[in-house]
Amino acid sequence: MSLDVVPSVCPHDCPSACALEVERVDGGRIRRVRGAAAQSYTAGVVCAKVARYAERQHHPARLSHPLRRVGEKGAGRDAFRPISWDTALDEVADALTRAAQRHSSETVWPYYYAGTMGLVQRDGINRLRHAMRYSREDLTICNALSDAGWFAGVGAKRGVDGREIAKSDLIVVWGGNPVSTQVNVMTHVATARRERGAKLVVVDPYRTATAERADLHLAPLPGTDGALACAVMHVLFEEGYADRGYMARYTDVPAGLEAHLATRDPAWAAGITGLAEDEIVDFARLYGRTERSYIRVGYGFSRSRNGSAQLFAVSCLPAVTGAWAHEGGGALYSNLGLVAIDHTLIEGLDRLDPTTRMLDQSRIGPVLTGDPRDLGNGPPVSALFVQNTNPMVVAPESRLVHRGFARSDLFVCVHEQFMTETAAMADIVLPATTFLEHDDIYLGGAHTYLQLGRAVLPPYGECRSNHDVICGLAERLGACHPGFAMTAVELIDRTLQLSGLPNVASFPDGGRLDCCPPFATGHFLDGFPHADKKFHFRADWQAIGPEYARLPAFPDHVAAIDDGDPERPFRLVAAPSRSFLNTTFNNTPSSIAREVRPTALVHPEVLAELRLGDGDRVRIGNRRGNLVVHARSFAGMQKRVVIVEGLWPNHAFEEGIGINLLTSADPGLPRGGAVFHDTSVWLRPA
C-alpha cells in the first residue's frame, strides 16, 4: 500500500474555502482529510464533516452510470435503468431541442447553485445558457439580501482580512454560527482570546454552539437586528464613543445619521427586539470603548425580508467608531469581490442576450406551477437541466416545488453524485464527479486566497465533470463558444491570463495565491468603493433593486417581516446544522448519527403550555402546510422563537416533506432573496 498527501480545496458552499491536505491510498482512495497548515487562514483546521469526506467520496450509494427513468417520478433508484453516455446526452439534447421548438428557447431553464463553489464546474452552465438563449437565473437563494445590505454601505464585496481577527480585542459574530458552519473563524478568535484577552460577543436569535463560547450573547427576535444596531449607534453618539474626525473624512452624512438616530434609543429597540435595555447599553459601551473591534457578519441576514436593511445597519457601526482604521478592527461580510476575475470565458458572457428573461431561483415552485408573476408573457418552463443543487429539499414552498416537478409535461435532467430527491424526479440522471475527481479554481469569501484544486483521484465509475457534460451537450445542440472546446485547466489558465493573474504554471506551490491588499486598501483608508470614496450612511437603494421605495435611506428597523399574528405566534428559524451543509452530508452515516432526527428546539415554558415533554412529537404549521417533528426543550432563546436545524431529506419526516414546506418564496427587499428564517407558525401537540 502506498500513501501520499496531496493538496486540494474544499468546494462546498461555505465562505472558508479551506485549503486541504488529502491522504491518498494507492492513487485511488482517500483516508483522512485535514486543513492545510501552510495556508494561513485555514491554518490546519477543517470542519468535522469534511475531515470525514472519505465517507462521502466512497459512499456505496454514489451514482456511477447514466440512468433513464422507466418508473414513477420520485420512486427512487429502482425506477431507473442504466444507459450509455452517448444515449443519455443524445436524449437530453433532443428533449431540450424539442422543448425549444415547441415553446421558444426560453422554455429551457438551466438551474444550478453552489454544490461546488469552483468557478469552472459551478458557473460553466451559464456558457451553455447564453449560447442557446435559454432563460437566465437570478441567484437569490443565498446571499442576494446580504449582498445588497453590504453594498449599500461599503460599496464592494470585500472587507478586512479574516486573519486580523487574531489581532482584535473584541470580536462580534453577528448573524452566523461559525462553530458549526465556518470553523476557521473560531481558530482566529481563540488566538485573539489567548494572546490579547479579547472578548467574544455573539448576536443570534438562539444560543448556538458559538454563542455558548461567547462572553456575551444577545438573542434578539428574528428580523430585528437592525433595531439593535440603531440603538447601539444611538448610544455611541450620545455617550461620546463616535469618532467624529473619522466620520468627517470617510463617511457621507454623519450629521444626518446622528439626527435620524436621536429617537432610536435602547428603549425603542428593546420593544422591537425583546432584549433588555441594559443588555443593549452594555454592548454599545463595550463596542464603543474598544478600538480594535471586528464584526464578523454572517449569512443569517440573508434569510429575512428586511435582511438588506439589517445588514446595512450593522455595517454602519465601525464607520461610527472609526474601527475600520485600526488593525484588527472593522468588519468582514465576504471577500468574494476582492479578486477581479474575468468571467467572460467561463460563463460565455460574450454570448449573453440581456433580453432573455430572468427567472428567480428561489421561486422555482411558483415558476414551475405557472405563476404569471414569474413567467410574465413568456412560455412555461418545460425543460430543466439541473446541476449543483437539490431544489426538492432546498427551495422554499416545497409543496409548490414538488407539484411543479411532478408535471407530466416537464422534462428534467439532473447531473448529480447521489440519487437526491430532485434526481429521483428526473427523466435522465447523469453521474457527477466530486471535487477530488476534477480540476477547478476557487475564491474564498472568508479569506484573501485564490486557490487551484486539481483532480487527485480518477472519476468514480463513469462519472463526468460538470464541464465535460456541458461541453458534450453543447456539441449536440450546436452551441458555439471557444470555451466548449477547452479542458477545465485550459479554461482556468486562459481566465487567469485575461484577469491579469499568474497562469496555472506560475501559481505558487500548493495552488494558493494570497491576494491580500495593502493595509490602507484593506481598511478603506484610501477610500471606500463608492464613487465619492465615502462610506454611505444614506443608502442608495434605487441603485441596488427595484423595491427601493420600501426601504428607508438611513439605517432603521424595517417592519417588513412575517411577524406573526394570534393564529401564528411563533417565529421559526430553519437554521443550518453542524453536520449537514445544505443537503450535502445528510446521507453520510456519521452526520446522521450526530444529528439523529429532525428536531424543533422549543422553549420549556411553551412546551409546558402545550402539555408536551422533552422528545414528544409536535406539529408545526402555517397556511402553506404542517409537519411533525420531535421537540427538544431549549431555553436559549426568547419564548416566541422555534428552531429547526438542518436540511434533512424529505423521507426523514413522518409525512415525507421537509421543513421548507413552511417557508415562503416571497422575495426580500430590495431585489429578491429567499427568506428561510422569516416564517411565522403555530405549534400543536401531534
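Use the structure listed above.
Below is a short write-up of the structure. (Residues numbered from 1 in each chain as written. Predicted model: local features only at pLDDT ≥ 70, side-chain atom pairs only at ≥ 80, totals over all residues. Heavy atoms only, no water.)

## Focus on the packing of helix α13 (residues 266-273) against helix α14 (residues 277-288)
Part 1 of the argument: Remark: α13 packs on α14, axes separated minimally by 8 Å, with the N-to-C direction vectors making an angle of 120 degrees. The angle between α13 and α14 falls in the class oblique. The two elements α13 and α14 cross, and the hand of that crossing is right-handed. Taking contact as the criterion, the partners of Pro266, Ala267, Ala269, Ala270 and Thr273 in α13 are, on α14, Glu277, Ile280 and Val281. (Axes fitted to C-alpha atoms, helices over the stretch in contact; angles between N-to-C directions. Helix = DSSP H or I, 4+ residues; strand = E, 2+ residues; numbered from the N terminus. Parallel < 35°, antiparallel > 145°, perpendicular 65-115°, else oblique. Left-handed = near helix turned anticlockwise from the far one by under 90°. Contact = heavy atoms within 4.5 Å.)

## A word on the packing of aromatic side chains
What describes a pair of aromatic rings is the distance from one ring centre to the other and the angle between the planes of the rings.
Part 1 of the argument: In this structure the tally under the stated criterion is 17 aromatic pairs.
Part 2 of the argument: Look at Tyr53 and Phe585: their rings are 6.0 Å apart centre to centre, the planes differ by 80 degrees, and that puts the pair in the edge-to-face class. Of this pair, Tyr53 sits in helix α2 (residues 53-57) while Phe585 sits in the loop between β20 (570-573) and α25 (589-595), placing them 532 residues apart in sequence.
Part 3 of the argument: The side chain of Arg264 reaches across the aromatic face of Trp268, ending 5.8 Å from its centre. (Phe/Tyr/Trp six-rings, centres within 6.5 Å; stacked < 30°, edge-to-face > 60°. Lys NZ or Arg CZ within 6 Å of the ring centre and 35° of its normal.)

## Description of the environment of Gln451
Part 1 of the argument: For Gln451, the position within the fold is in strand β18 (residues 449-453).
Part 2 of the argument: Using a relative accessible area of 0% as the deciding quantity, one classes Gln451 as buried.
Part 3 of the argument: In the structure, Gln451 is positioned 276 residues away from Gly175 in sequence and 27 Å away in space, judged by C-alpha atoms.
Part 4 of the argument: Discounting residues that sit within four places of it in the chain, Gln451 has contacts with Val9, Ala17, Ala19, Gln39, Asp440, Ile441, Tyr442, Phe507, Gly511 and Arg512.
Part 5 of the argument: Among the polar contacts made by the side chain of Gln451, one reaches the side chain of Gln39 at a distance of 3.2 Å. (Buried < 20%, exposed > 50% of the residue type's maximum accessible area, 1.4 Å probe, protein only. Polar contact = N/O pair within 3.5 Å; in protein donor to acceptor, adjacent residues only side chain to side chain.)

## Side note on the sheet that holds strand β9 (residues 199-203)
Part 1 of the argument: What the five strands build is an open sheet, ordered β10-β9-β8-β11-β12; its pairing is parallel. Two strands bound the open sheet, and with one partner strand each, they are β10 (216-218) and β12 (330-332). Here the average twist between neighbouring strands, direction ignored, is 15 degrees.
Part 2 of the argument: Sheet strands touched by helix α10 (residues 225-238): β8 (170-174), β9 and β10. Its angle to β8, the strand with the most contacts, is close to 150 degrees.
Part 3 of the argument: Contacts between α14 and the sheet are confined to β8, β9, β10 and β11 (293-297), with β8 contributing the most and set at about 130 degrees to the helix. (Pairing = 2+ DSSP bridges.)

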